[in-house]
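Read off the chains here:
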Amino acid sequence: MNKPASPTPPSLDEAPAAAGGLSRRGFIAGAGALAAPWVHAESRPLRFAWWGGAARHQATLAAIRVFEQRQGIKVKAEYMGFGGYLERLTTQIAGRSEPDLMQINWAWLAMFSKRGNGFVDLNTQARELALDQFSEDDLAYGRAAGKLNALPASFTARVFLWNESAFQRAGLPLPQTWDELFAAGAAFRSRLGDGAFPLDGELYDMILLSQSFIQQKHGTPFVDPDTRRIAMSVSTAHDWVRTYRRLVDTHVATPLPLRASLGGAEKPTEQQPDWVAGRWAGNYTWDSVIGLRASTLPKSEKLALGDFPLLPGSTDSGLFGRPSVMFALGRNGRQPELAARLLNFLLTDPEAARILGRTRGLPSARGSLAVLQSTGTLPPLELAAHDQIQAQREAGRLRRPAPLFEHARFQKFMREVFETVAYGKTTDAEAARRLVDEGNALLQRIQ
């Protein structure tokens, strides 16, 4: 999961884009600029920025080399870990020196492009882009104020991962309904001891799980994606808080104070000794991290994908999903056509698909996904999770959330409220009131 970072980027829709040709800043920064002051913009390296780990870096650099050879140009790779990436990008955009092509989080569209003018409208580069490789839902996630600002590399959503062996030790089948999930805590405690839990997750995981239940029950998410206001009433928010507390109080989910005492509240599940030992038997997480969760389990333990529970009659799963990462073109870039060509290569070219593999998740582009499927090497659990999520999308039960829900400042606020609940520093009713009243006030300030 990509954790929110600060500071909050400013909206730059109103700032004028850099004039065509070479700006004074671009002239000074360009290699050999003093020796060749009239060098054309097209001779400058194409700048491409992304974040990730070693595997993503190596694969992306290899793909870039192929693109460079085909196009006869140079791409300047600007890559790093996630920490500090948003801060750097914020500074660059504010100074109109952002990369030609950049990897972004979906939620950043609401930060940088409130009116759709923060990035290049990709419709203007449609000749360079195989937009027919993406579903209409994929394209909708990349639109801001009606303009196509970004394309997804992949899509991710929340899934249940269960240690089937641990459930067998507890004498329980894997939960298929909400009632079975809520009942599993007491059974684990009585049969396997106080340190055994059917479900683990960071605070945000449990916030999202509780919201899924409430969205199914009441038909509303926390933030309205259309009006940019809190969609829940105070009474519904109260039910949301109670659902979170129920998961903890009934011994279903690991309590936040317990996780904090074991080396950090945000410590990933696969690094928890109790997960490795099979005492924590499940995880509610992004499907994109299945490999990480499986990596530390002994071979004697069997990891399984769980069904996503639905309340009877519910037409909205409440499942939280969004693009894993997206690509956008800098509106101050001087080579938009070439940048669009690189974007299209990375997302839809068969050779690029083979090189990049799953380093940004299973591809959203149909052709690239088919290339990986044809190899027969995709991990069955990851492919099953992908299919489960796609089935929810195609059935219309996975609704697009509000980008502001993952805005860095809003995330911080929401976590702080639920932390007061987790540590018993507030009542459920007061937490619900804060979520609605203070949430609405914050949304108005960050619009």
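Everything numeric here is computed off the predicted structure, so don't read it as measured data.

A. The nonpolar core, seen in detail. Formed by 121 residues in total, the largest nonpolar core has its most connected members in I104, W108, L151, F222, F410 and M414. Beyond its immediate chain neighbours, meaning those up to four positions away, F410 contacts F222, V223, I230, L404, F405, G439, L442, L443 and I446.

B. Layout of the sheet that holds strand β2 (residues 75-80). Read across the sheet, five strands follow the order β2-β1-β3-β11-β6 without closing on themselves; strand pairing throughout is mixed. Single-partner strands in this sheet number two, and they are β2 and β6 (151-152). Strands in contact with helix α2 (residues 54-71) are β1 (46-51), β2 and β3 (101-104); relative to β1, the strand with the most contacts, it is inclined by about 160°. Packing against the sheet, helix α13 (residues 336-348) makes contact with β1, β2, β3, β6 and β11 (326-329), and its axis sits at approximately 170° to β11.

C. Spatial organisation of the environment of L151. Mapping L151 onto the fold places it in strand β6. As a C-alpha pair, L151 and A328 span 177 residues in sequence and 6.9 Å in three-dimensional space. Aside from chain neighbours lying at most four places away, what touches L151 is L122, L129, L131, F134, L139, V325, M326, F327, L343 and L347.

D. Unusual backbone geometry, seen in detail. One non-glycine residue with positive phi stands out, namely R228, at about 55°. As for its position among the elements, R228 is in the loop between α8 (203-218) and α9 (234-249).

E. Seen up close, the packing of aromatic side chains. The final tally for this structure, using the stated rule, is 29 aromatic pairs. Above the plane of the ring of W286 lies R158, whose end atom (NZ or CZ) is 4.2 Å from the centre.

F. Here's a closer look at the packing of helix α17 (residues 408-422) against helix α18 (residues 428-446). At their nearest, the axes of α17 and α18 sit 10 Å apart, and the two run at 170° to each other. Compared by their axis directions, α17 and α18 come out roughly antiparallel. In this structure, α17 contributes R409, F410, F413, M414, V417, F418, T420 and V421 to the contact, and α18 contributes D428, A431, R434, L435, E438, G439, L442, L443, R445 and I446. For the contact of α17 with α18, the class distribution of residues is eleven nonpolar, two polar and five charged.

G. Structural context of the environment of D138. Along the chain, D138 falls in helix α5 (residues 136-141). Accessibility expressed as a relative area gives 5% for D138, which makes it buried. Spatially, the C-alpha atom of D138 lies 26 Å from that of L46, the residues being 92 residues apart in sequence. Other than its neighbours up to four places away in sequence, D138 contacts P152, S364 and R393.

H. Seen up close, the packing of α2 against α13. The contact between α2 and α13 brings their axes to 11 Å, and the two run at 130°. What the angle tells us is that α2 and α13 run oblique. Here α2 and α13 pass one another in a crossing that is right-handed. On α13, the residues that touch A63, V66, F67, R70 and Q71 of α2 are L338, R341, L342, F345 and L346.

I. Representation of the pattern of salt bridges in the model. One pass over the structure, following the stated rule, counts 28 salt bridges. For the salt bridge of R47 with E78, the shortest nitrogen-to-oxygen distance reads 2.6 Å. Of the two residues, R47 sits in strand β1 while E78 sits in strand β2, which places them 31 residues apart along the sequence. Residue class for E78 comes out buried when judged on its relative accessible area of 9%. Residues participating in the shared-partner salt-bridge network are D137, D138, R393 and R400.

Each value, and the rule that gives it
- Residues numbered from 1 in each chain as written.
- Predicted model: local features only at pLDDT ≥ 70, side-chain atom pairs only at ≥ 80, totals over all residues.
- Heavy atoms only, no water.
- Core = buried A, V, L, I, M, F, W, Y, C linked by side-chain atoms within 4.5 Å.
- Buried < 20%, exposed > 50% of the residue type's maximum accessible area, 1.4 Å probe, protein only.
- Contact = heavy atoms within 4.5 Å.
- Pairing = 2+ DSSP bridges.
- Helix = DSSP H or I, 4+ residues; strand = E, 2+ residues; numbered from the N terminus.
- Axes fitted to C-alpha atoms, helices over the stretch in contact; angles between N-to-C directions.
- Phe/Tyr/Trp six-rings, centres within 6.5 Å; stacked < 30°, edge-to-face > 60°.
- Lys NZ or Arg CZ within 6 Å of the ring centre and 35° of its normal.
- Parallel < 35°, antiparallel > 145°, perpendicular 65-115°, else oblique.
- Nonpolar A, V, L, I, M, F, W, Y, C, P; charged D, E, K, R; others polar.
- Left-handed = near helix turned anticlockwise from the far one by under 90°.
- Salt bridge = Lys/Arg side-chain N within 4 Å of Asp/Glu carboxyl O.

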